[in-house]
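The primary structure of each chain is shown beneath.
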Amino acid sequence: VPVDGSHWLSMREALDMLQQRGHEVVVVAPEVTMHIKPSKNFVMKKHSGPITQEEMERDFKAFLYSLFEEGSFLERFFKVYEHMKRLNNLAVSSCEHLLQSKKLMSYLEEGKF
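- In the nomenclature of an unreviewed UniProt entry, the chain is known as UD11 glucuronosyltransferase of Alaudala cheleensis.

### With respect to helix 3 (residues 73-100)
So, step 1. With 28 residues, helix 3 ought to run about 40 Å at 1.5 Å a step, and its terminal C-alpha atoms sit 40 Å apart, in line with that.
So, step 2. Within the sequence span of helix 3, burial applies to Val-80, Leu-90, Ser-93, Ser-94 and Leu-98.
So, step 3. Along its buried surface, helix 3 packs onto strand 1 (26-30), strand 2 (43-47), helix 2 (53-68) and helix 4 (102-110).

### Looking at the environment of Ser-48
So, step 1. Here Ser-48 shows up in the loop between strand 2 and helix 2.
So, step 2. Residue class for Ser-48 comes out partly exposed when judged on its relative accessible area of 38%.
So, step 3. Linking Ser-48 and Glu-31, residues 17 residues apart in sequence, is a C-alpha distance of 5.5 Å.
So, step 4. Setting aside anything within four residues of it in sequence, one finds Ser-48 in contact with Glu-31 and His-97.

Parameters at a glance
Residues numbered from 1 in each chain as written. Predicted model: local features only at pLDDT ≥ 70, side-chain atom pairs only at ≥ 80, totals over all residues. Heavy atoms only, no water. Helix = DSSP H or I, 4+ residues; strand = E, 2+ residues; numbered from the N terminus. Expected span 1.5 Å × (residues − 1). Buried < 20%, exposed > 50% of the residue type's maximum accessible area, 1.4 Å probe, protein only. Contact = heavy atoms within 4.5 Å.

The following block contains the structure:
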């Protein structure tokens, strides 16, 4: 499940603590992310995704911009809603790409995840 952004920043601390307690931590992430980067505290497995780095940055900036645009409440609400739908569709598509990665699925099955 994609957890980039603030979700990842919170999760990262928990993963670091698990590693410090002797657990082997494996992070599965799309190749294109905002904050998920390799670390000595976990094994990172990447999979292809539906979007390029430039598209992700553009979409995220457009979403943030829409939060502060002027206009009536309804205009702003529907703009933010449309951006949220786009980001949600990208998250679902990223999960589909993950499940279609035969190499990654084999790794996870062999590791009994």
